[in-house]
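Each chain, written out:
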Amino acid sequence: MQISKANGPIIWLTNLRVIATLAVILIHSAANLLLSFHRVPDILWWNANVYNGCMRFAVPIFVMLTGALVLGKEEPYGAFVSKSFQRIVVPFLFWNIFFVYFNWAVRLRGKAFQSVEELIRWIGQQYFTGGSYHFWYVYMVIGLYLFIPIISTWIRQASERQIQYFLGIWLLTILFNNSHFPVLDSPVPLPYFTGYLGYLVLGYYLRHQEFKNLTQIRFWAIALFLIGTAWTLIGTYQLSLRDGKFYGLLYANFSPSVVLSTAGLFLLCKYFPFEIRVLIPLREWISSHSYGIYLVHILVLFYIAKIGIHYKLVHPSLGIPVTAFSCLFISGAIVWLLRKIPGGAKVSG
């Protein structure tokens, strides 16, 4: 097998971006019910476990998409960093303004600061750590983008065997150097092979790798996704029963079960490409607004909950997806409207 350098159609990558965008919102739409383990009947809780647990591929898929689309390209370092700053950092700085105000007005209930210095320090802290819990992703991506020009140089020159070697060691770190599984800790430190860098390289590899036996790879794609997802769902339930409260060990982005389901979904979309003509405009619209949707959706979830749109709206089996789709379209509309304002396209995401 050889790694193909051809660009080829990327419709399936667009499909993956749309799926991952919806998955993130479903995860957050189901979170409150998920954390209510043992405080609600198990049959209701399982709705949250299914919607949340089946979507744990969301962030890893976003990182794999970055690897598939960006890694390996030859571009001057300065131009790459400048473009990445405008595309990732500027929208984040803009949207964080709203979260800073939200945190002051809602969470601090309009707290009066003792001095201008205290106010500036508090605002600085909001930007240093992010005004919302979901902004951790932005800081992680910034770190990856700073490293991409270096890893791109290596991957352009690397042989297939060398990339497989890297991914093989990375997979070992999922088991033996994974902070979520300290019982399996290895005495050999492998920091250069750990973390989201592995998903970045995996995305590049699986996009360009062409498997000759399509029947076999399609079987494995389905198997990986189903095994990983079932492991996450059933394992989470069993561990939560054991502890008497929700236990999210298998929900982690570096859980072996999540790695399996993520790789499986990536291959499913590649080798089972699909396109519904009537939904193409919607798919393209969601894809082009996905980053802005990610940045703003937590605020939208908060405020639509105030008007009764949450998992309790109807039975959770319907309430969770209704909440998620409502949030998706409202968030997308906000980003779309912002882009209509002069200069809005630069900050909307």
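Definitions and cut-offs
Residues numbered from 1 in each chain as written. Predicted model: local features only at pLDDT ≥ 70, side-chain atom pairs only at ≥ 80, totals over all residues. Heavy atoms only, no water. UniProt positions renumbered as here; feature names shortened; annotations may be inferred. Phe/Tyr/Trp six-rings, centres within 6.5 Å; stacked < 30°, edge-to-face > 60°. Helix = DSSP H or I, 4+ residues; strand = E, 2+ residues; numbered from the N terminus. Buried < 20%, exposed > 50% of the residue type's maximum accessible area, 1.4 Å probe, protein only. Contact = heavy atoms within 4.5 Å. Polar contact = N/O pair within 3.5 Å; in protein donor to acceptor, adjacent residues only side chain to side chain. Core = buried A, V, L, I, M, F, W, Y, C linked by side-chain atoms within 4.5 Å.

- As recorded in an unreviewed UniProt entry, the chain goes by Acyltransferase family protein and comes from Aquirufa aurantiipilula.
- Taken directly from UniProt, the Sequence similarities (unreviewed entry) text for the chain runs: "Belongs to the acyltransferase 3 family."
- According to UniProt, the comment filed for the chain under the heading Subcellular location (unreviewed entry) is "Cell membrane".

Some details on the packing of aromatic side chains
Within a pair of aromatic rings, the relevant descriptors are the distance that separates the centres and the angle that separates the planes.
(1) Moving on: If you walk through the whole model with that rule in mind, you get 34 aromatic pairs.
(2) Moving on: Ring centres of Tyr-137 and Tyr-294 lie 5.1 Å apart, and the angle between their planes is 55°; on these two criteria the pair is classed as tilted. With a gap of 157 residues between them, Tyr-137 in helix α6 (residues 136-157) and Tyr-294 in helix α12 (residues 290-306) connect regions that are remote in the sequence.
(3) Moving on: Judged by relative accessible area, which is 9%, Tyr-137 ranks as buried.
(4) Moving on: Look at Tyr-196 and Tyr-199: their rings are 6.4 Å apart centre to centre, the planes differ by 35°, and that puts the pair in the tilted class. You can see Tyr-196 and its partner Tyr-199 sitting in helix α8 (residues 196-208), 3 residues apart, about one turn around the helix. Residue Tyr-196 shares its accessibility class with Tyr-199, and that shared class is buried.

Comments concerning the environment of Tyr-237
(1) Moving on: Along the chain, Tyr-237 falls in helix α9 (residues 214-243).
(2) Moving on: Judged by its relative accessible area of 16%, Tyr-237 is buried.
(3) Moving on: Taking the C-alpha atoms as reference points, Tyr-237 and Tyr-247, 10 residues apart in sequence, are found 8.0 Å from one another.
(4) Moving on: When neighbours within four sequence positions are excluded, Tyr-237 is seen to be in contact with Phe-37, Asp-42, Trp-45 and Trp-46.
(5) Moving on: Side chain to side chain, Tyr-237 and Asp-42 meet in a polar contact 2.8 Å long.

What to know about the nonpolar core
(1) Moving on: Membership of the largest hydrophobic core comes to 99 residues, with the highest contact counts inside it found for Leu-16, Tyr-199 and Phe-266.
(2) Moving on: Top element by residues in this core is helix α1 (residues 11-34). It accounts for 14 residues.

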